[in-house]
Amino acid sequence: MKSSNEPVPKTSVHSQRGQCAKRISILDAAAEVFCRQGFAGASIDEIAAVACVSRQTVYNHYREKENLFTAVVEDVMDRANAMLFSILSTFPENPVNLKDDLAAFAVRLSRNCICNQDGKFLRKLVQSEGERYPHLFESWRQQGPGKIGTALAALFARLAHKGLLEIDDFDVAARQFLALVNADLQMSTLFGATPSEEELESAARNAVRTFLRAYAAPPA
């Protein structure tokens, strides 16, 4: 019997790397085709052509189009969540100027999570396919909007504990903050446009001004 410490043959390692590269190529190609054609209009043949693999290779990895579509959504969601939690780590838990620091955070959130390529891709898919294929977006509903709202609620709770905010329902406050941040950007991002830095900053300041009017603690 072979020892567990015995090195993996090079041919096996090369084969695994090749399979991984094919999966990445298929996912990238599928994301492009699904975004352009929608779920119903996309074909496995077109995805295979864009990925430079055979039709059978696509089926070997994902069996059917619905599995591939779900894998694409999950892959984009993983990248989007990694960026999201990177930005959440910059939340001003010890603000020098609450209004300015929250506005700067809102700009980072919009630039890197709402207006980046993955954010645009997910919104377009949800808008075009969400109603017809709601089950395909179950992971998006669980891992996307739910996660960011919960994380923000916890961060606002810390500011309230320090006496900087007065909030009765942190989950509601988090949802309202996100809605306010997106309010001035919604029309442009809806059609795939990328807001300028000036637009991001203006939207963030408007959002934070309104949010603090509702939730800022009165001066001591």
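Look up a bit, the structure's there.
One structure accompanies this document, and this report is about it. None of these values were measured; they are calculated from a predicted model. (Residues numbered from 1 in each chain as written. Predicted model: local features only at pLDDT ≥ 70, side-chain atom pairs only at ≥ 80, totals over all residues. Heavy atoms only, no water.)

### Structural notes on the nonpolar core
Line of reasoning, step 1. With 36 residues, the main nonpolar core has F91, F105, L152, F156, L165, F177 and F211 as its most contacted residues.
Line of reasoning, step 2. Only α4 (65-88), α5 (98-114), α8 (145-161), α9 (170-183) and α11 (197-215) provide two or more residues apiece to this core.
Line of reasoning, step 3. The leading source of residues in this core is α5, at nine residues.
Line of reasoning, step 4. Dropping the residues within four chain positions of it, L165 is found in contact with L98, F156, L159, A160, F211, L212, Y215, A216 and A217.
Line of reasoning, step 5. Counting residues in hydrophobic clusters, the runner-up holds 28 residues, among them F34, A51, F69 and F121. (Core = buried A, V, L, I, M, F, W, Y, C linked by side-chain atoms within 4.5 Å. Buried < 20%, exposed > 50% of the residue type's maximum accessible area, 1.4 Å probe, protein only. Helix = DSSP H or I, 4+ residues; strand = E, 2+ residues; numbered from the N terminus. Contact = heavy atoms within 4.5 Å.)

### Concerning unusual backbone geometry
Line of reasoning, step 1. A positive phi angle is found at C52, which is not glycine, with a value near 60 degrees.
Line of reasoning, step 2. Phi at R63 is positive, roughly 70 degrees, even though this residue is not glycine.
Line of reasoning, step 3. Take R63: it is sitting in the loop between α3 (55-62) and α4.
Line of reasoning, step 4. Judged by its relative accessible area of 71%, R63 is exposed.

### Some thoughts on a negative patch on the surface
Line of reasoning, step 1. A cluster of like negative charges, contributed by E166, D168, D169 and D171, occupies part of the molecular surface.
Line of reasoning, step 2. Judged by relative accessible area, D168 falls into the exposed class, the value being 84%. (Patch = residues over 30% accessible without salt bridge, like charges linked within 9 Å, V, L, I, M, F, W, Y side chains within 5 Å. Areas by Shrake-Rupley, 256 points an atom, 1.4 Å probe, with all protein chains shown as cover. Salt bridge = Lys/Arg side-chain N within 4 Å of Asp/Glu carboxyl O. Lys, Arg positive; Asp, Glu negative; His and termini not counted. Charge placed at Lys NZ, Arg CZ, Asp CG, Glu CD.)

### Things to note about the packing of α9 against α11
Line of reasoning, step 1. In the contact formed by α9 and α11, the axes pass within 8 Å of each other and the chain directions differ by 150 degrees. Judged by the angle between their axes, α9 and α11 are roughly antiparallel. Relative to α11, the crossing made by α9 is right-handed. The segment α9 lies against α11, with V172, A173, Q176, F177, L180 and V181 engaging A203, A207, V208, T210, F211 and Y215.
Line of reasoning, step 2. By residue class, the composition of the contact of α9 with α11 is 10 nonpolar, two polar and no charged. (Axes fitted to C-alpha atoms, helices over the stretch in contact; angles between N-to-C directions. Parallel < 35°, antiparallel > 145°, perpendicular 65-115°, else oblique. Left-handed = near helix turned anticlockwise from the far one by under 90°. Nonpolar A, V, L, I, M, F, W, Y, C, P; charged D, E, K, R; others polar.)

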